[in-house]
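# Fold and contact review
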Amino acid sequence: METHQHDLVVIGAGPGGYVAAIRAAQLGLNTACVELEKDLGGTCLRVGCIPSKALLESSEKFHEAQGGMAAHGVKLDGVSLDLNTMMTRKTSIVGQLTGGIAGLFKKNKITRYFGTGRIAGPGKVVVEGESPATLEAKHILIATGSVSTPLPGIELDGDRIGTSTEALTYPEVPKHLVAIGAGAIGLELGSVWMRLGATVTVLEYLDRVLPGMDREISREAEKIFKKQGFTFQLGAKVTAARVEGEGCMVDIEGSDSISCDRVLLAVGRRPNTEGLGLDTVNITKDKMGRVEVNDHFATAEAGIYAIGDVIRGPMLAHKAEEEGVACVERIVTGYGHVNYDAIPNVVYTHPEIASVGRTEEELKESNIPYQKGSFPFMANGRAKALGTTEGKVKILAHKKTDRVLGIHIIGPRAGDLIAEAAVAIEFGASSEDIARSSHAHPTLAEVIKEAAMATGGKAISI
Ligand code: NAD
């Protein structure tokens, strides 16, 4: 087996790993990246964020064509679904993006190793696979991401009972899809198949959908989703799911079992550290199986770092990217920082739901005095023109300093609108700063300005 020397070996080429590798190469490190999948980009590009967004856009178009544009005076007859083309388009988008990363690796002279990377002691990574190799490096970065969390009693058969990976490739529209978990995956992929014609039931263990979000926003989301046709069973503890004949059966504690033809298990993800060789070095994991790191992503073993889903914090691609950049910048320059208060979170349903900063519940729990302002999309000209007026923007600012602490949006294009909110928090803006910034008219962003004005008690248009 050949031995190769590098300055940095990154294990995993998801959004955390590949971005870190590129930044490290830009900063002059001789960088290698080990990835076991042929295509680079990790869960996000291959079987997560990107293919799901492709299907969300396509299914929304189908839904609109089926009558969603009648109020605009656009009537279409004989609309039909070509699921095959929809899936082919999705696969092509994924292919273009993963190919793009391979191009970026080439341009930045990053050595890619195809195989499973395993730590074999300080400064050493063994690549197992088609072309085995031993890599020696001063720095090793663990960016192995996460895998779907299993649930006892749920027998995943990789077909009828599966995770998001299967739900991105169903060969036909299920008649009845049961999603276990009302988080981002259950709601996004549930939306896709409901728009394409499925009956969708979502079983959630807690008493509300999207438990991590601001409660007021998640309540509003639940109401809107119910109107769209989602059936929610909250406080539902699923004890088993199995294939029975042509379909599946899902058992719920203290409630009737549900028969359906597909089950989507979406109860969260857990850090992916299996077979990584952590026992060969001085690395510890916390109770949730996450690699423990300090504020600079360093593990207890000198020269080994970890970022992304495999460490603490929200499991989000852009959070992993920020950490990857900060980690390698710190290795090379001595500086590198991530502001966790300014990491946005978006759920790409219709309407979209987006937030950044603290929720109202978190502020109450921490006894932080706050004032809030909100403004509905219903009173916004652009939202009316779009024909999507559900939802609102809610701003939470410190009661004494007016510094913005949290912005929560449910409404059209919330995922794009939240960028302004993240910048405001990053720059320590007050709600008055946002209120006094000119926002183009007529735009959806004016709802943020009006919500900021309402925070100071001075909304104009309501
Ligand atoms: P999640 O953590 O967002 O939601 C899981 C849901 O399942 C929670 O509401 C939880 O209460 C519920 N749950 C847990 N155990 C249960 C049980 N036994 N029975 C019923 N419900 C149960 O997880 P997810 O939706 O699976 O997504 C996985 C990860 O991927 C998350 O970290 C998520 O943030 C990320 N993700 C993000 C996006 C996005 O940013 N748009 C999209 C997809 C996934």
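Think of each chain on its own: its residues are numbered from 1, step by step along the sequence as written. Given that the model is predicted, a residue must reach a pLDDT of at least 70 before its local features are reported, and side-chain atom pairs must reach 80 or more before they are shown or counted; all residues, however, enter totals for whole chains, interfaces and linings. Excluded from the side-chain calculations are hydrogens and water; all other atoms, namely the structure's heavy atoms, are used.

### A closer look at the pattern of salt bridges
When a carboxyl oxygen of Asp or Glu is within 4 Å of a side-chain nitrogen of Lys or Arg, the pair counts as a salt bridge. Within the structure shown, the criterion is met by 26 salt bridges. In this structure, Asp207 and Arg215 form a salt bridge, with 3.8 Å as the shortest nitrogen-oxygen distance. Two residues, Arg242 and Glu244, come together in a salt bridge whose shortest N-O distance is 3.0 Å. Only protein chains enter the accessibility calculation, which uses a 1.4 Å probe. A residue is then buried if its area is under 20% of the maximum for its type, exposed if over 50%, and partly exposed in between. Judged by its relative accessible area of 41%, Glu244 falls in the partly exposed class.

### Details of the sheet that holds strand β11 (residues 231–234)
Hydrogen bonds along the backbone pair up the strands of a sheet, which may run parallel or antiparallel. Pairing between two strands requires that DSSP report at least two bridges joining them. By definition, any uninterrupted DSSP run of H or I lasting at least four residues is a helix, any uninterrupted run of E lasting at least two residues is a strand, and each is numbered from the N terminus. Reading across from one edge, β8-β15-β9-β10-β11 is the order of the five strands in this open sheet, with parallel pairing throughout. Edge positions in the sheet fall to β8 (161–162) and β11, since each of these pairs with one other strand and no more. By the bridge criterion, four bridges tie strand β10 (residues 199–204) to β11 in an arrangement that is parallel. Note that in β11 the partner of Leu203 across the bridge is Gln233.

### Focus: the sheet that holds strand β18 (residues 345–347)
With antiparallel pairing, the five strands of this open sheet are ordered in space as β18-β19-β22-β21-β20. Strands at the two margins of the open sheet, each flanked by one partner only, are β18 and β20 (370–376). Taking the axes of each pair of neighbouring strands and ignoring which way they run, one obtains an average angle of 10 degrees across the sheet. Note that β18 and strand β19 (residues 352–357) share three bridges and pair antiparallel. Bridge assignment links Val347 to a residue of β19, and that residue is Ile353. Sitting on the sheet, helix α11 (residues 414–426) touches β18, β19 and β22 (404–411), and the angle it makes with β19 is about 10 degrees. All axes here are fitted lines through C-alpha atoms, helices being fitted over the stretch that makes contact, and every angle between N-to-C directions spans 0 to 180 degrees. Contacts are residue-level and defined by heavy atoms, with any inter-residue pair within 4.5 Å sufficient.

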